[in-house]
Structure formats: C-alpha cells, structure tokens
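Reading the structure
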Amino acid sequence: MTTERIRIALQKSGRLAEDSLKLLKDCGLHVARSKDQLFCRIKELPIDVLLVRDDDIPNFVDSGICELGIVGENVFAEMKTGTENFSATVVERLGFSQCRLTIAVPENGAVKSVADLAGTTIATSYPHLLQAFLISHKITAKTLVMMGSVEVAPRLKIADAICDIVASGATLTANNLRELTTILNSQALLVR
Ligand code: PRT
Ligand code: ZN
C-alpha cells in the first residue's frame, strides 16, 4: 500500500514565513528544518513542506505541485486576476501578515482624486489588480511594472503615482507620498 502524502507550500523566508510555521506548530505539526532546506517532512502526519518564494506559491498550488499553500492575498489575487483558468481557491483567511494594496501619490502633487489618475503613469508590481481597478473606475492610465523599490518612482519622475503594499505607512511617509485609495485589503490565506 502506498501512503498518499500532502504537500504544502510555505514561504521560505520573509514576512509570512514565521507565522506560517507557527500555525502548523499550533496545530501540533512540527517541521524539522535546517536553514537552507527547501523541503522537509512533518513528523506527526504524512505532510511534506516545500519552502519557496511567496510568488511561486499560487502557481504551485494551481498546477497541483502542492495541495495546499499559505500566501498573501495580494500575491494570490494578482496571480488569479492575471491567469486564465486559474483554479486554486481560498480555504481560509488566516489573519496574519495584514497589509493593503494602495494607490499613493506625491503629497501636494497634481493628483488629488482617483479621477485625476486619468492619463498618468502608475508604477506597480501588481499590474493585473491595478488594471482591474482602473477598468472598474473607467480610468485610462499607463502602468509601469517594477518588481521592487516602487516607492521611489515618483521621485525619479518615471511615474506620477504608485500602487504598492502598505502596512504601517512609514515607507510612504518617508517618500513624501500619501494614500489616495486602497484597492485590496490583504492577509495571509490558506489556499488549495
Ligand atoms: O522572498 P519572497 O519573494 O518570498 O518574499 P517577498 O520579499 O516578495 O515578500 P515579503 O516577505 O516582504 O512579504 C510577504 C507578504 O507579506 C506580502 O506578499 C504581503 O502579503 C505581506 N506583507 C505584510 C507585506 C507587508 N506587510 C509590507 N509592509 N509585504 C510587503 N511590505 C512592504 C511593502 O512592499 C513596502 O515596501 O513593506 C513596505 C511598506 O511597509 P510600511 O510598514 O512602511 O507601510
Ligand atoms: Zn515575493
């Protein structure tokens, strides 16, 4: 008889990693891992843990490489919005890693309202969620895709606004930006 094993994808390191492992631990599941390990077994049940970049988790679950995953709603929703026939679904909202995907603009800049975004360039790592928001508000704007340091784009004059993750708001303040509108409230999700 073969034992069916369940694979769960967790973030290897970063803002989700510790709380994801703690959730398993609180369920009585102990992951024995060394720092560089990508794959580990859980002692108590036939579960294998894959430790990966958070960006890979939606695809790993959608394509059946893993049965379960823990990932931020922002990353999951971006992948879902941008992928045809995406079939991974949310099992449960987990409450940790809360943040929001927000459009922010320079303090005292020309953009005062959402309508003012028409004709602007918006820097983001979330092009599909941003596009969906713009379409729902009948706004035409240009998207500049950046995979990091999005908050510096207005200062560099390569974008008029940004669409990025905000938690405390300190990064926006440090870059002289203010929140215009939130397009997604996010927390960690258990997905299948
Ligand atoms: O290496 P890997 O690809 O796995 O990780 P990562 O660097 O892409 O992601 P990581 O670990 O930074 O974040 C993982 C998840 O945590 C995100 O996808 C969100 O769901 C969630 N999360 C919670 C956050 C934040 N809070 C957060 N503050 N993700 C990012 N930030 C960044 C944000 O991008 C911005 O640069 O922090 C800055 C803003 O923070 P404040 O507090 O200054 O507003
Ligand atoms: Zn990532």
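Located above this text is the structure these notes cover.
We now turn to the structure provided with this report. (Residues numbered from 1 in each chain as written. Chains lettered and ligands numbered in written order. Predicted model: local features only at pLDDT ≥ 70, side-chain atom pairs only at ≥ 80, totals over all residues. Heavy atoms only, no water.)

The next subject is the overall build of the chain. Helix and strand content of the chain: five helices and eleven strands. With the C-alpha coordinates of the chain rotated into their principal frame, the extents come out at 65 × 35 × 25 Å. Taken over 192 residues, the chain has a buried fraction of 43%. Contacts in the chain between residues at least 24 apart in sequence constitute 66% of all its contacts with a sequence separation of at least 6. Accessible surface computed for the chain: about 10700 Å², of which carbon and sulfur atoms make up 51%. Across the chain, the centroid of the 21 positively charged side chains sits 2 Å from that of the 22 negatively charged ones. (Helix = DSSP H or I, 4+ residues; strand = E, 2+ residues; numbered from the N terminus. Buried < 20%, exposed > 50% of the residue type's maximum accessible area, 1.4 Å probe, protein only. Contact = heavy atoms within 4.5 Å. Areas by Shrake-Rupley, 256 points an atom, 1.4 Å probe, with all protein chains shown as cover. Lys, Arg positive; Asp, Glu negative; His and termini not counted. Charge placed at Lys NZ, Arg CZ, Asp CG, Glu CD.)

Take the coordination of the zinc ion (ligand 2) next. At 2.0 to 2.1 Å from the zinc ion (ligand 2) lie its protein donor atoms, namely Asp-54 (OD) and Asp-55 (OD). Of note is the zinc ion (ligand 2), whose four donor atoms meet at the metal with angles of 79 to 168 degrees in an arrangement that counts as irregular. Judged by its relative accessible area of 16%, Asp-54 is buried. (Donors = N, O, S within 2.8 Å, 3.2 Å for Na, K, Ca; no water. Tetrahedral: all angles 85-135°; square planar, octahedral: opposite > 155°, others 65-115°.)

Moving on, we come to unusual backbone geometry. Even without glycine at this site, Lys-157 takes up a positive phi of about 65 degrees. Note that Lys-157 resides in the loop between strand S8 (142-145) and strand S9 (161-166). Positive phi, close to 60 degrees, is recorded for Asn-176, a residue that is not glycine. If you trace the backbone, Asn-176 turns up in the loop between helix H5 (170-174) and strand S10 (177-186).

Glancing now at the pairing of S9. The element S9 is extensively covered by neighbouring structure, given that five of its six residues are classed as buried. Bridge analysis of strand S6 (residues 99-106) against S9 gives five bridges, and the strand direction is antiparallel. Along S9, the bridge assignment pairs Arg-100 with Val-166. Sheet analysis places strand S7 (residues 121-124) next to S9, joined by three bridges and oriented parallel. (Pairing = 2+ DSSP bridges.)

Before going further, it helps to examine the site of ligand 1. Taken together, 21 residues sit near ligand 1, with Arg-15, Arg-53, Asn-74, Ser-168 and Thr-171 positioned nearest. The side chain of Asp-55 places a nitrogen or oxygen atom 2.8 Å from an oxygen atom of ligand 1. Here an oxygen atom of ligand 1 sits 2.6 Å away from a polar atom, N or O, in the side chain of Ser-168. Across the complex, the protein chains shield 77% of the 840 Å² of accessible surface that ligand 1 would expose by itself. Of all elements in the fold, only helix H3 (73-82), S9 and H5 reach the threshold of two or more residues within the shell around ligand 1. Considering every element that reaches the shell around ligand 1, the biggest residue donor is S9, with three residues. (Near = heavy atom within 4 Å. Polar contact = N/O pair within 3.5 Å; in protein donor to acceptor, adjacent residues only side chain to side chain.)

Glancing now at the sheet that holds strand S2 (residues 39-41). In a beta sheet, neighbouring strands are held together by backbone hydrogen bonds and run either parallel or antiparallel to one another. Read from one edge to the other, the open sheet built from six strands follows the order S2-S3-S1-S4-S11-S5, with strand pairing classed as mixed. Lying at the two open borders of the sheet, with one neighbouring strand each, are S2 and strand S5 (90-93). Direction aside, the axes of adjacent strands within the sheet are offset by 25 degrees on average. The pairing of S5 with strand S11 (residues 188-191) spans three bridges and is classified as antiparallel. Bridge assignment links Val-90 to a residue of S11, and that residue is Val-191. Lying over the sheet, H3 contacts strand S4 (68-72), S5 and S11, oriented at roughly 105 degrees with respect to S4. (Axes fitted to C-alpha atoms, helices over the stretch in contact; angles between N-to-C directions.)

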